[in-house]
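Below, each chain spelled out in residue letters.
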Amino acid sequence: MKIAIVTGASSGMGAEFVKCLDREDCGELWLIARRRERLEQIAAGCKTPVRIMPLDLLDESSFDSISKELEAAGAEVAWLINSAGFGEFGEIGIQPIETQTRMIDLNVKATVIMCNVVFPYLERGSHIVNLGSGSVFNPLPYFNIYSSTKAFILQYSRALYYELKDRGVCVSVFCPGWVRTEFFSHTRDNVRRSPKSYKPMTEADEVVAYCMKKAKKNKQFIVHGWFTKTQHLLSKLLPRRALIKIWLGMLTDKES
Ligand SMILES: NC(=O)c1ccc[n+]([C@@H]2O[C@H](COP(=O)([O-])OP(=O)(O)OC[C@H]3O[C@@H](n4cnc5c(N)ncnc54)[C@H](OP(=O)(O)O)[C@@H]3O)[C@@H](O)[C@H]2O)c1
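Numbering of residues starts from 1 in every chain and runs along the sequence as written. In keeping with the model being predicted, local features are shown solely for residues with a pLDDT of at least 70 and side-chain atom pairs are shown and tallied solely at 80 or more, while totals for entire chains, interfaces and linings include all residues. Heavy atoms throughout the structure, all of them, feed into the side-chain values; hydrogens and water do not.

Colleague: Explanation requested: the site of the ligand in the structure shown.
Modeller: Working definition: residue near molecule or strand if any one of its non-hydrogen atoms lies within 4 Å of it. Contacts to the ligand come from 30 residues, most closely from Ser-11, Arg-34, Asp-56, Tyr-146 and Thr-181. Only the protein chains shown count as covering a residue, and every accessible area follows the Shrake-Rupley method with a 1.4 Å probe. Protein chains bury 96% of the 880 Å² of accessible surface belonging to the ligand in isolation. Those elements that place two or more of their residues in the shell around the ligand are α1 (12–21), α5 (144–165) and β7 (178–180). Taken together, the residues that form the shell around the ligand break down as 15 nonpolar, 10 polar and 5 charged. Labels follow the DSSP assignment, with helices taken as runs of H or I lasting at least four residues and strands as runs of E lasting at least two, numbered in each case from the N terminus. Residues are grouped as follows: Ala, Val, Leu, Ile, Met, Phe, Trp, Tyr, Cys and Pro are nonpolar; Asp, Glu, Lys and Arg are charged; all remaining types, including Gly, are polar.

Colleague: Explain the packing of aromatic side chains to me, please; I cannot follow it from the model alone.
Modeller: To describe a pair of aromatic rings, you give the distance between the ring centres and the angle between the ring planes. Geometry of aromatic contacts follows a simple scheme: Phe, Tyr and Trp rings, the Trp one being its six-membered ring, pair when their centres are within 6.5 Å, and the pair is stacked under 30 degrees between planes, edge-to-face over 60, tilted otherwise. This structure, assessed with the given rule, holds 15 aromatic pairs. A ring pair is formed by Phe-137 and Phe-221, whose centres lie 6.4 Å apart and whose planes are at 90 degrees; its orientation type is edge-to-face. Placement of Phe-137 in the loop between β5 (127–131) and α5 and of Phe-221 in strand β10 (residues 221–223) is noted, with a sequence separation of 84 residues between them. In this pair, the class of Phe-137 matches that of Phe-221, namely buried. Here Phe-143 and Trp-247 contribute two aromatic rings whose centre-to-centre distance is 6.5 Å and whose plane-to-plane angle is 15 degrees, an arrangement assigned as stacked. Taken as a pair, Phe-143 in the loop between β5 and α5 and Trp-247 in helix α8 (residues 240–249) lie far apart in primary sequence, 104 residues in all. Residue burial is assigned from relative accessible area. The probe radius is 1.4 Å, only protein chains are included, and a residue is buried under 20% of its type maximum, exposed over 50%, and partly exposed in between. Judged by its relative accessible area of 2%, Phe-143 falls in the buried class. Judged by its relative accessible area of 8%, Trp-247 is buried. Clustering of aromatic rings is evident, with ring pairs tying together Phe-89, Phe-143, Tyr-146, Trp-178, Phe-183, Phe-184, Tyr-198 and Trp-247. Cation placement over rings: the criterion is NZ of Lys or CZ of Arg within 6 Å of the ring centroid and within 35° of the ring normal. Against the face of Phe-221 rests Arg-158, its NZ or CZ located 4.2 Å from the ring centre.

Colleague: Explain the sheet that holds β10 to me, please; I cannot follow it from the model alone.
Modeller: Backbone hydrogen bonds are what pair the strands of a sheet, in a parallel or an antiparallel way. In this analysis, strands are considered paired if DSSP registers two or more bridges between them. Taken together, 7 strands build an open sheet; the order of strands is β3-β2-β1-β4-β5-β6-β10 and the sheet is parallel. This sheet does not close on itself; its edge strands, each paired only once, are β3 (50–54) and β10. Each neighbouring strand pair of the sheet contributes to a mean axis angle of 15 degrees, computed without reference to strand direction. Alignment of strand β6 (residues 170–175) against β10, held across 3 bridges, turns out to be parallel. By the bridge assignment, Cys-175 is partnered in β10 with Val-223. On the sheet, helix α4 (residues 97–118) packs against β1 (2–7), β2 (28–33), β4 (76–82) and β5 and is oriented at approximately 175 degrees with respect to β4. Across the sheet, α5 lies against β5, β6 and β10, angled at about 160 degrees from β6, the strand it touches most. Between N-to-C directions, angles span 0 to 180 degrees; the directions come from axes that are lines fitted to C-alpha atoms, helices contributing only their stretch in contact. The criterion used for residue contact is that any of the two residues' heavy atoms lie within 4.5 Å.

Colleague: Looking at this structure, how should I read unusual backbone geometry?
Modeller: With omega at -5 degrees, the peptide bond leading from Lys-199 into Pro-200 counts as cis. Here Tyr-142, not a glycine, exhibits a phi torsion of approximately 75 degrees, which is positive. Here Tyr-142 is to be found in the loop between β5 and α5. Here the phi dihedral of Asn-218 falls at roughly 65 degrees; this positive angle occurs in a residue that is not glycine. Counting through the fold element by element, Asn-218 comes out in the loop between α6 (204–216) and β10.

Colleague: Sorry, what's going on with empty space enclosed by the protein here?
Modeller: If you roll a probe as big as a water molecule over the atoms, it shows you where there is empty space left. Detection works on a 1 Å grid of protein atoms alone, calling trapped sets that fit a 1.4 Å probe cavities and calling open sets with protein on both sides within 12 Å along at least five of seven lines pockets, with lining residues defined by an atom within 4 Å of a point. Grid points are joined across faces, edges and corners, and a volume is the space filled by probe spheres set on the points. Following the criterion strictly, the structure yields 1 cavity of 30 Å³ or more and no others. Put simply, the largest cavity is a space of about 30 Å³. Every residue along the wall of the largest cavity is listed here: Thr-7, Leu-57, Asn-82, Ala-84, Leu-106, Ala-110, Thr-111 and Met-114. Top contributing element to the lining of the largest cavity by residue count: α4, with 4 residues. Among the residues forming the lining of the largest cavity, the class breakdown is 5 nonpolar, 3 polar and no charged.

As structure tokens, this is what we get:
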């Protein structure tokens, strides 16, 4: 049986990936996130059979549970979407160390472990999609930890693409700009400086449909939107100092 696994399936882009995968030829969809009720609601809208896995990916025992379920099912993982993640603006000395390490553990460590956990169950034609971000192209003061976690995901995914290519498995890294999701409900908890505006803001259904279209064509690096594509281009053309100056000019003090 072919299955699709989506982490971060309870909201935002993860939930949109579930809708898209529901239209693919999968025997089961496995939805992972902490909020069971949200997963149940999303499952109720699917025509494909769904396995709900209310797990906290900051708890390492969650990966044992997923491994055991995979072993018992003996399933082929046709799709793994690593969408669980969060980001907060902040700076050293103000942003709690615990927030910084949780970002690293969820955005980086959980993604890497999930890739390893599904590895034995990947077949020719399988896909892994890791969520990067438009923040990966340059160092971003005051969004440092988040953008650094996503820069890791960019490099990791691009290298993994070549490690798995000969097995016929495609690894894609998806870099959208700002997307309207619950991501912004906790982005600015511990911060003095953050963007003056989050424009352009795109819709999750639109960006996920775009990503799925490109992933199905085995694209390894998927960037959505003119703004993010321009950021990517400028990161190749301009010196780093100029890029950081532009970024700092886009921020404002919280009090102002
Ligand atoms: N929105 C943007 O502008 C944007 C732009 C570029 C990239 N991204 C990235 O895209 C991905 C999806 O974000 P989104 O915008 O869709 O945000 P979102 O709506 O907040 O979704 C985040 C998902 O991660 C899950 N999650 C959070 N902590 C978890 C944990 N400890 N264990 C398991 N699941 C956990 C959440 O579910 P529960 O709370 O139920 O656990 C939720 O389903 C993230 O990696 C994010 O960094 C977002």
